[in-house]
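Each chain, written out:
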Amino acid sequence: MSSLALYRRYRPESFAEVIGQEHVTDPLQQALRNNRVNHAYLFSGPRGCGKTTSARILARCLNCEQGPTPTPCGECQSCRDLARNGPGSIDVIEIDAASHGGVDDARDLREKAFFGPASSRYKIYIIDEAHMVTSAGFNALLKVVEEPPEHLKFIFATTEPEKVIGTIRSRTHHYPFRLVPPGTLREYLGEVCGRENSHVEDGVLPLVVRAGAGSVRDSMSVMDQLLAGAGDDGVTYAMATSLLGYTDLSLLDSVVDAFAAGDGAAAFEVVDRVIEGGNDPRRFVADLLERLRDLVILAAVPDAAEKGLIDAPADVVERMQAQASVFGAVELSRAADLVNQGLTEMRGATSPRLQVELICARVLLPAAFDDERSLQTRLDRLERGASFAAAGAGPAMGYVPGPQAQTHAPVAVVPPGDGVAAARAAARGDAPEAVPPAAPAQPAQPAQYAAPAAPAAPAPAAPAPQPPPEAPAGGQRPGAWPAAAAPESGRRPGGWPTASAPGQAPAPVTPAAPAPAPAAPAPAPGAPQPSPGMTQGAAQVRNMWPDILEAVKNRRRFTWILLSQNAQVTGFDGATLQIGFLNAGARDNFASSGSEDVLKQALAEQFNMQWKIEAIVDPSGGAGQPPQTGGGRPSAPPAPQRPAAPAPQQYESRPAPAQHQQPGAALAAASAPQPQAAPEPPRPVAPEDDTPEADDPDLVDSALSGHDLIVRELGATVVEEFTNE
């Protein structure tokens, strides 16, 4: 096999062999047919796209014995001299302007140009890198280029036509060359590999085309390098990625799946593999941006591969289609913008790994930004979470908590191919598991409800009462996530999103043995009874109550303390949020201090919801309410329920100390009437939370001092003042 470079062995010898430049070759061939050839031409364009080759072909067409003709015969002496491996013609002079661009070289050319050709029809000067000719050199050539002898032709080739002075450029026919399209270049490289009898895997040619960036010569050089190092099995994809420095597709699939699942641990693990593997972080981010671009195109145009909008093998396109179906349109666009911005910021960065990790953190945490795109991304995630979570029997809401908040709700079985949920499960790599419902005869609900006051009756489907959760050693801060939630069942607001381990699912509630249902405590006199619709809607709002408290805390600490210590959600009908306070004083303080407006503003800005707020007095303390993992306080164990009809949901009760009893004593205690436990006093507030902020609107400078207050309220008179020194 010849040691000649691949791009030299397959250099075109006619205009028909030039690829991707039909807008130049067709007019030149027609001019040769019409015998209307100009005396000077200017070929411009990127490197390696065929400028010098086309100049040689044009000289061959002009000096052919059958010419001027668009198809050289290839048999005459001039055609053989100007062939691919020919010795060259004395009448076709190639000048490198990078080393012969001075005024002396131009003067020497002008003196020799007036001599006729030795054996050909025309004397042709091909001036390559014409932009390197100095202004004085161009001025020396100006007269001969403007009015040359009939036997003289000039062909200028340059990558920067704007550096050619206007007086020369105006006397030439300018033909701009372009980069070759990827599809055309890939087919050409496939033909060259076939001629070389070399096996190349499917994913290699797109990498070579991408490395060549549309330049035929650059792509042929890369292909020549891969063929030179190929083994018996040809050019493999692993060899091409390692040699060209591109990121392996498995790493890109892993980081995209981590973004789709919200798995921060998996995303940072991929970054660690990229750095430890010796890959270029900037190249990894550029490849990730290219992948996100393909996902955006596939999300908008499902048949993008058939239309040629995506250049990738069929198996890669199929995998990307599954990934694109998991993301929302806004989430994909936001991720691509963040990666593009991070790629720009990586120029000159002293710590590339830190930049890559920051990019992943920004993509994974839309809640850390308050712009419109981040808010829409959060809504996309919530909608995807609600598509496969079991819906509660309640009114329609403007906000549905994701599966992380509804840890106690039974998850419905998602069949394979059920839209977005199936694609999300396929991207995560785990299969959905069926979770048996607590009561087959009743629809799935977020929580179990207490039975109404009635004679005791056995409840075969009632769950066994669970002991109240133990509070953490340091105490639970107001507005924080309840201690009853396990660490795996949810994450704190603003924390790192971490996907659940494959195969993990909420444990089903195990039915206990039939036991007599004790009578529910009677509501306190005068306590309002919310309607069933309000009660059922409140079960869903309680799941997002900790997030609402966090949003209120960021706006006004006084309102946060008031709501976290004295209030709880008692009802919601889709438009009105009903909040119950332990006493009328707390309710009046909430209404008169402007806290209602603060709550409305927090709901509008953080959750994009416009709800009416109704403050009521609930002195019962929410007795008989089932436990809610998303509520503001831990609740008492649920009472057994009858399978006939669930009772209206009541306000959440406080936990009572669990006592171990013997079976006989427990049965006797169940039959005896149970006195209603008095509500516990509010829990203490941490000193750092009780300290008012400097910008708290409740701090009024015009408040009365102790002296003025005694004088105004008690009518006191100052008798004598003592000064303490």
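Higher on the page you've got the structure.
Procedures and definitions
- Residues numbered from 1 in each chain as written.
- Predicted model: local features only at pLDDT ≥ 70, side-chain atom pairs only at ≥ 80, totals over all residues.
- Heavy atoms only, no water.
- Helix = DSSP H or I, 4+ residues; strand = E, 2+ residues; numbered from the N terminus.
- Buried < 20%, exposed > 50% of the residue type's maximum accessible area, 1.4 Å probe, protein only.
- Areas by Shrake-Rupley, 256 points an atom, 1.4 Å probe, with all protein chains shown as cover.
- Axes fitted to C-alpha atoms, helices over the stretch in contact; angles between N-to-C directions.
- Left-handed = near helix turned anticlockwise from the far one by under 90°.
- Contact = heavy atoms within 4.5 Å.
- Nonpolar A, V, L, I, M, F, W, Y, C, P; charged D, E, K, R; others polar.
- Core = buried A, V, L, I, M, F, W, Y, C linked by side-chain atoms within 4.5 Å.
- Pairing = 2+ DSSP bridges.
- Salt bridge = Lys/Arg side-chain N within 4 Å of Asp/Glu carboxyl O.
- Polar contact = N/O pair within 3.5 Å; in protein donor to acceptor, adjacent residues only side chain to side chain.
- Patch = residues over 30% accessible without salt bridge, like charges linked within 9 Å, V, L, I, M, F, W, Y side chains within 5 Å.
- Lys, Arg positive; Asp, Glu negative; His and termini not counted.
- Charge placed at Lys NZ, Arg CZ, Asp CG, Glu CD.

Student: I'd love a proper account of the overall build of the protein chain, names of residues and values included.
Tutor: Helices and strands together make up the secondary structure of the protein chain, namely 27 helices and 8 strands. By residue count, 42% of the 725 residues in the protein chain fall in the buried class. Accessible surface, the protein chain as shown: approximately 36700 Å² in total, 53% of it carbon and sulfur.

Student: Summarise the packing of helix α12 (residues 249–261) against helix α14 (residues 281–300); cite the residues concerned and give the values.
Tutor: Put simply, α12 and α14 touch, their axes get as near as 10 Å, and they point 65° apart. Viewed along their axes, α12 and α14 form a crossing whose handedness is right-handed. Note on element contacts: α14 touches α12 through F284, D287, L288, R291 and L295, opposite L249, L252, D253, V255, V256 and F259. Its residues assigned to classes, the contact of α12 with α14 comprises 8 nonpolar, no polar and 3 charged.

Student: How would you sum up the nonpolar core? Please name residues and give values.
Tutor: Proteins that are soluble and globular tend to have nonpolar side chains buried together. Of all hydrophobic cores here, the largest spans 37 residues; its most connected members are F259, F284, V285, L288 and L292. Elements represented by at least two residues in this core include exactly α12, α13 (264–276), α14, α15 (314–326), α16 (329–345) and α17 (352–364). With 7 residues, α12 is the single largest residue contributor to this core. If we ignore the near neighbours within four places in the chain, the residues touching L292 are L332, A335, A336 and V339.

Student: Tell me about the sheet that holds strand β2 (residues 92–96), and please be specific about residues and values.
Tutor: With parallel pairing, the 5 strands of this open sheet are ordered in space as β2-β3-β4-β1-β5. Both outer strands of the open sheet, β2 and β5 (173–176), are each paired with one neighbouring strand and no more. Neighbour to neighbour, the strand axes of the sheet diverge by 15° on average, direction disregarded. As defined by bridge partners, strand β1 (residues 40–44) adjoins strand β4 (residues 152–158) across 5 bridges and the pair is classed as parallel.

Student: Give a detailed account of the pattern of salt bridges, specifying residues and quantitative values.
Tutor: All chains considered together, the criterion is met by 19 salt bridges. Two residues, R107 and D104, come together in a salt bridge whose shortest N-O distance is 2.9 Å. A residue pair is termed a helical-turn pair when its members lie 3 or 4 positions apart in one helix, as R107 and D104 do in helix α5 (residues 103–113) at 3 residues. Two residues, R353 and E357, come together in a salt bridge whose shortest N-O distance is 3.1 Å. Of the two residues, R353 and E357 are both situated in helix α17; the distance of 4 residues between them amounts to about one turn of the helix. The partly exposed category is assigned to E357, whose relative accessible area is 22%. A single network of salt bridges, built from pairs that share partners, joins D253, R291 and R319.

Student: Describe the sheet that holds strand β8 (residues 612–617), listing the residues and the values that go with them.
Tutor: Read across the open sheet, the 3 strands follow the order β6-β7-β8; overall the sheet is mixed. The open sheet terminates on both sides in strands that have one partner only, identified here as β6 (567–572) and β8. Strand-to-strand twist of the sheet, defined as the mean angle between neighbouring strand axes without regard to direction, takes the value 30°. Of the pairings in the sheet, the one linking β6 to strand β7 (residues 576–581) comprises 5 bridges and is antiparallel in character. Within β7, the residue paired with F572 across the bridge is L577.

Student: Give a description of the side chain of D253 that names residues and reports values.
Tutor: In this fold, D253 is placed in helix α12. Here D253 falls in the buried class, since its relative accessible area comes to 10%. A polar atom in the side chain of D253 sits 3.3 Å from the side chain of Q323. Not counting the four nearest positions on each side in its chain, D253 is found in contact with R291, R319 and Q323.

Student: Describe a negative patch on the surface, and please don't skip the residues or the numbers.
Tutor: On the surface, a cluster of negative charge is contributed by E201, D202, D232, D233, D315 and E318. Along the chain, E318 turns up in helix α15. Taking the relative accessible area as the measure of exposure, E318 reaches 58% and is therefore exposed.

Student: Any chance you could break down unusual backbone geometry for me, citing the residues and the numbers?
Tutor: Here the phi dihedral of E129 falls at roughly 55°; this positive angle occurs in a residue that is not glycine. Within the secondary structure layout, E129 lies in the loop between β3 (123–128) and α6 (135–146). Even without glycine at this site, N197 takes up a positive phi of about 55°. With respect to the element layout, N197 can be found in the loop between α8 (182–195) and α9 (204–212).

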